[in-house]
Amino acid sequence: MKDQLLTEAQKVLNENFQKGGFTIPSKNLYPFQWKWDSGFIAIGYAHYDMNKAESEISTLLDAQWDNGFIPHIIFHTDTDTYFPGADFHKSELHPMSSKKYRSTGLVQPPVLGFVLEKIYHISKDKTRSLEFIGRQIDKVFHNHQYFYQNRDPLNEGLVYIYHNWESGTDNSPVWDGIFETMDSPEYEFERRDTSHVDPEQRPTKREYDHYLHIIEIAKQYNYDDQKIAQHSPFLVQDPLFNAMLIKSNESLIRLYTLLGSNDDKIEKLEKWQKKAVFQMNNKLFDNELNAYIYYDLRNKKPIRSISSSSFTPLFAGIPSKEDARKLIDTLISNFGGDDHYLCASFDPTSEHFKPKKYWRGPVWINLNWILFKGLKRYGFEDIANRVKADSIELITQNGFYEYFDCRKDVISSGNGAYGGNNFSWSAALIIDMLNQ
Ligand code: GLC
């Protein structure tokens, strides 16, 4: 059983691997290299093909901009099967963007620090892996420096995202209130995603208008960070994004310690880390909801919604033991009913919960993996094992889909697997969970 699943997962990854040395998330739907996908994919490869794991990371970092920025999509090829593509994003507007690759002018959650550490732990040839890490780590450090220098205008230790696509959780109901403050034009464009996937499982046309509008504003300022901080209608401190950065800071500190003679960088990382952890608990932990929430910097108010991102600070060791206990109570009471698989992407007790629609409810394997690791870190073994078992069951029964219905009766009816099939991070992270 386990061996068969591992073989199938490897097949998914190998078939999505491209000549250029990187892996697409899913055929047709996502034909380029995505940043945080590549990080998760590299973890899967590390278990059976270290060349591919390293190549995944080095192709991504090869597209880094001179200011440390790592883009969310790298358009390695000229296909027009994806919208919005390179001609829409126009990364060349930024003076420090890559001269070698076109990309978006957006980022995605900073996973690379902890991915490098994970590769080191999985590796059977530590000398080789440490050499590889030695060649890449300064680029990841430079990326963290980019975030703290450019994405934290109030110098709080928490960085912002200026677009919902930067969060990785594209159409979460969390963003709805921000879109209501925007007066986006009605754009004319041809969507490509809805020719591959049932529109019922994807964002709406109106949501796409908002997504494009924010990018048009950023382009108007040539993707200048200071201008974006002044003018973007979307400016949010997101708990998942900041938790990934904090987790990656922690990994960089440990890796630099292993490599030796990098005291100045370790010192910087420790400074960022201390401030960031304090502010996560001080500003983003909501004592009534007992969960980490979001802060809308543009409209100067907290966004008091609970999503699967609300639990990701466990992975980075951010909450105290006492707050971790409270988080678990919230997880179990709102998301953990016996008729539900863990973990819905949005609070199933909310009126905005939509079980089929992308990030408005379905279960995503990457968030489950982060949750699994976080629960283990705090010693919540039983729930951690439930998250792992649920992930494996969803995949075994349905295949390596992009997202899944959290309702058990819908899954047993055979209609609960959504989005793209043969989805790379679903395969990669199942490989890692099976190897625990
Ligand atoms: C979707 C997801 C995003 C992911 C991308 C490629 O846009 O929301 O998180 O990186 O697809 O898989």
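One can find the structure itself at the top, above this paragraph.
Here's a quick rundown of the structure. Counting restarts for each chain: residues are numbered from 1 in the order of the written sequence. For this predicted model, a pLDDT threshold of at least 70 governs which residues receive local features, and a threshold of 80 or more governs which side-chain atom pairs are given and counted, while totals over whole chains, interfaces and linings are taken from all residues. Hydrogens and waters are ignored; side-chain quantities use all the structure's heavy atoms.

## Focus on helix α12 (residues 239-259)
Rules: The helix count covers DSSP runs of H or I at least four residues long, the strand count covers runs of E at least two residues long, and both are numbered beginning at the N terminus. Here, expected helix span is obtained from the residue count minus one, scaled by 1.5 Å. The cut-offs for exposure are 20% and 50% of the maximum accessible area for each residue type, with area from a 1.4 Å probe on protein chains only; residues under the lower value are buried, those over the upper are exposed, and the others partly exposed. Under the rule applied, a polar contact is a pair of N or O atoms within 3.5 Å (in protein, one hydrogen donor and one hydrogen acceptor; residues adjacent in sequence only if both atoms are side-chain atoms).
If you check α12, its first and last C-alpha atoms are 30 Å apart, about what 21 residues at 1.5 Å a residue would give, namely 30 Å. α12 sits mainly inside the fold: 17 of its 21 residues count as buried. N-cap assignment for α12: the residue whose side-chain oxygen lies 2.7 Å from the backbone N of L240 is D238. One or two steps after α12, the chain reaches G260, where phi turns positive at roughly 80°.

## Side note on the sheet that holds strand β4 (residues 236-237)
Hydrogen bonds between backbone atoms are what pair the strands of a sheet, whose relative direction is either parallel or antiparallel. In plain terms, the rule: In short, DSSP must find at least two bridges between two strands for them to pair.
The sheet built from three strands is open, its strands ordered β4-β7-β8 with antiparallel pairing. In this open sheet, the two edge strands, each paired with only one partner strand, are β4 and β8 (301-303). When strand β7 (residues 294-296) meets β8, the two strands line up antiparallel, connected through three bridges. Pairing of Y294 across the sheet is with I303, part of β8.

## Quick word on the nonpolar core
Spelled out, the test is: In these notes, a set of buried Ala, Val, Leu, Ile, Met, Phe, Trp, Tyr and Cys residues joined through side-chain atoms within 4.5 Å is what counts as a nonpolar core. Residues count as neighbours in contact if any of their non-hydrogen atoms are within 4.5 Å of one another.
Of all hydrophobic cores here, the largest spans 152 residues; its most connected members are F40, I57, Y162, L331, W369 and L375. Ranked by residue count, the leading element in this core is α12, at 10 residues. Other than its neighbours up to four places away in sequence, Y162 contacts G105, L106, R151, I214, A218, Y223, I228, S232, F234 and L235.

## A few points about the packing of aromatic side chains
Note the threshold: Planes of paired rings set the category: under 30 degrees apart is stacked, over 60 is edge-to-face and the rest tilted, where pairs are Phe, Tyr or Trp rings (Trp by its six-membered ring) whose centres lie within 6.5 Å.
Enumeration over the complete set of coordinates arrives at 41 aromatic pairs. Note on F114 and W369: the rings are 6.1 Å apart at their centroids and 25° apart in plane angle, and the pair reads as stacked. Pair noted here: F114 is in helix α5 (residues 112-122) and W369 is in helix α15 (residues 365-377), with a separation of 255 residues, a long-range link. Overall, the relative accessible area of 0% leaves W369 in the buried class. Their ring planes at 35° and their centres at 6.3 Å tell us that F179 and F234 sit as a pair that is tilted.

## What about the pattern of salt bridges?
Going by this rule: Whenever a carboxyl oxygen of Asp or Glu lies within 4 Å of a side-chain nitrogen of Lys or Arg, that contact is scored as a salt bridge.
The tally for this structure, following the rule as stated, stands at 32 salt bridges. E117 serves as the salt-bridge partner of R254, at 2.7 Å between the closest nitrogen and oxygen. One end of the pair, R254, is in helix α12; the other, E117, is in helix α5, and 137 residues separate them in sequence. In this structure, the salt-bridge partner of R191 is D193, at a minimum N-O distance of 2.7 Å. Linked by salt bridges that have partners in common, E117, K247, E250, R254 and R377 make up one network.

## As for the site of the ligand
Counted only if it meets this: Nearness of a residue to a molecule or strand requires only that one of the residue's heavy atoms be within 4 Å of it. All amino acids are sorted into three groups, where Ala, Val, Leu, Ile, Met, Phe, Trp, Tyr, Cys and Pro are nonpolar, Asp, Glu, Lys and Arg are charged, and the leftover types, Gly among them, are polar.
The full set of residues close to the ligand is P25, Y30, W34, W36, D37, Q108, G168, D170, Y358, W359, F423 and W425. One of the side-chain nitrogen or oxygen atoms of W36 is found 3.0 Å away from an oxygen atom of the ligand. Y358 is positioned such that a nitrogen or oxygen atom in its side chain is 3.2 Å from an oxygen atom of the ligand. Of the residues belonging to the shell around the ligand, the class tally is eight nonpolar, two polar and two charged.

## Let's talk about the sheet that holds strand β3 (residues 102-103)
The strand order across the open sheet built from three strands is β1-β2-β3, with neighbouring strands paired in antiparallel fashion. Strands with a single pairing partner mark the edges of an open sheet, and in this sheet they are β1 (33-34) and β3. Bridge analysis of strand β2 (residues 73-75) against β3 gives two bridges, and the strand direction is antiparallel. Pairing of F75 across the sheet is with R102, part of β3.

## Here we look at the packing of helix α2 (residues 35-46) against α15
Spelled out, the test is: Lines fitted to C-alpha atoms define the axes here, with helix axes fitted over just the stretch in contact, and angles between the N-to-C directions of these axes take values from 0 to 180 degrees. For classification purposes, angles smaller than 35 degrees are called roughly parallel, those larger than 145 roughly antiparallel, those between 65 and 115 roughly perpendicular, and all remaining angles oblique. Left-handed describes a crossing whose near helix is turned anticlockwise from the far helix through less than a right angle; right-handed describes the clockwise counterpart.
Where α2 contacts α15, the two axes come as close as 12 Å, and the packing angle between them is 60°. With respect to α15, the element α2 is oriented oblique. As for how α2 packs across α15, the hand of that crossing is left-handed. Facing W36, F40 and I43 of α2, the residues of α15 in contact are N366, L367, W369 and I370. Tallied by class, residues from the contact of α2 with α15 come to six nonpolar, one polar and no charged.

## Structural notes on the packing of helix α3 (residues 50-61) against α5
It is the contact of α3 with α5, at a shortest axis distance of 12 Å, that shows an interaxial angle of 160°. Overall, the two elements α3 and α5 adopt an arrangement that is roughly antiparallel. Helix-helix and strand crossings are classified by hand; for α3 and α5 the assignment is left-handed. Across the interface between the two elements, M50, I57, L60 and L61 from α3 touch L112, V115, L116 and I119 from α5.

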